[in-house]
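Chains, contacts and geometry: an overview
Now for the letters of each chain:
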Amino acid sequence: RRVAPPRVRRVFRVPLKDIHYARSILDALAVDHELQPERVSKTLALELSTLVVKFVAEDWRMLRVAAVSFIEYLGVAVRCVNALPPPADLALTSDPHLNPHRPSERFSAAL
């Protein structure tokens, strides 16, 4: 009987400005499934306003490919969410000159 090779596991945490913004990003990314689920899997979750991404891959190469692809999609999701107006319930309580959905400065610099 063949023994499966050990899997590579990594967790990435992306701090975002607030829970509403993080939920919008999570919702945008949740529809994207891995093309080779037998070789790599991805789980998305929120811990307050931090997006938690867990990868399990068959090897380091597949982890790298999945992580790079995810970062590209994350950048697209951030740009799209930033281009949208804030939800109506937040717009009523927020300063009209501030967008409460902007990512943290550290995350913006990473893109």
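Read on for a plain summary of the structure. Per chain, the residues get numbers from 1 upward, laid out in the order the sequence is written. Confidence filtering applies because this is a predicted model: local features only for residues at pLDDT of at least 70, side-chain atom pairs given and counted only at 80 or more, and all residues used for totals across whole chains, interfaces and linings. The basis for the side-chain values is all heavy atoms of the structure; hydrogens and waters are excluded.

Moving on, we come to helix α1 (residues 19-29). Within the span of α1, buried status applies to Tyr-21, Ala-22, Ile-25, Leu-26 and Leu-29. Down the axis of α1, the smallest arc covering the buried residues is 135 degrees, so these residues share one side. Any pair of nitrogen or oxygen atoms within 3.5 Å is treated as a polar contact; in protein, a donor-acceptor pairing is required on top of that, and neighbouring residues in sequence qualify only through side-chain atoms on both sides. Here a strand is any run of E in DSSP of at least two residues, a helix any run of H or I of at least four, and the numbering for each starts at the N terminus. Sitting at the head of α1, Asp-18 places a side-chain oxygen 3.0 Å from the backbone nitrogen of His-20. In this scheme, a residue with accessible area under 20% of its type's maximum is buried, one over 50% is exposed, and one in between is partly exposed, where area comes from a 1.4 Å probe on protein chains only. By arc we mean the arc of the directions from the helix axis to the C-beta atoms, nothing more.

Backbone geometry places Leu-48, a non-glycine residue, at a positive phi of 55 degrees. As for its position among the elements, Leu-48 is in the loop between β2 (40-47) and β3 (50-57). Looking at Leu-48, the relative accessible area reads 71%, which means it is exposed.

Below, the discussion takes up the sheet that holds strand β1 (residues 8-15). Being paired, for any two strands, means DSSP has found at least two bridges between them. The three strands lie next to each other as β1-β3-β2, forming an open sheet whose pairing is antiparallel. Only two strands of the sheet have a single neighbouring strand rather than two, namely β1 and β2. Within the sheet, the average angular offset between the axes of one strand and its neighbour, ignoring direction, is 15 degrees. Direction of pairing for β1 relative to β3: antiparallel, over a ladder of eight bridges. Each bridged residue has a counterpart across the sheet, and for Arg-10 the counterpart in β3 is Phe-55. It only takes one pair of heavy atoms within 4.5 Å for two residues to be counted as in contact. Axes, fitted as lines to C-alpha atoms, cover a helix only where it is in contact. Angles between the N-to-C directions of the axes lie from 0 to 180 degrees. Along the sheet, helix α2 (residues 60-83) contacts β1, β2 and β3; its crossing angle with β3, the most-contacted strand, is approximately 150 degrees.

Let us now look at the environment of Glu-47. By the element assignment, Glu-47 lies in strand β2. Looking at Glu-47, the relative accessible area reads 44%, which means it is partly exposed. Every residue in contact with Glu-47, bar those within four places of it in the chain, is listed here: Arg-13 and Val-52. There is a polar contact of 2.8 Å between the side chain of Glu-47 and the side chain of Arg-13.

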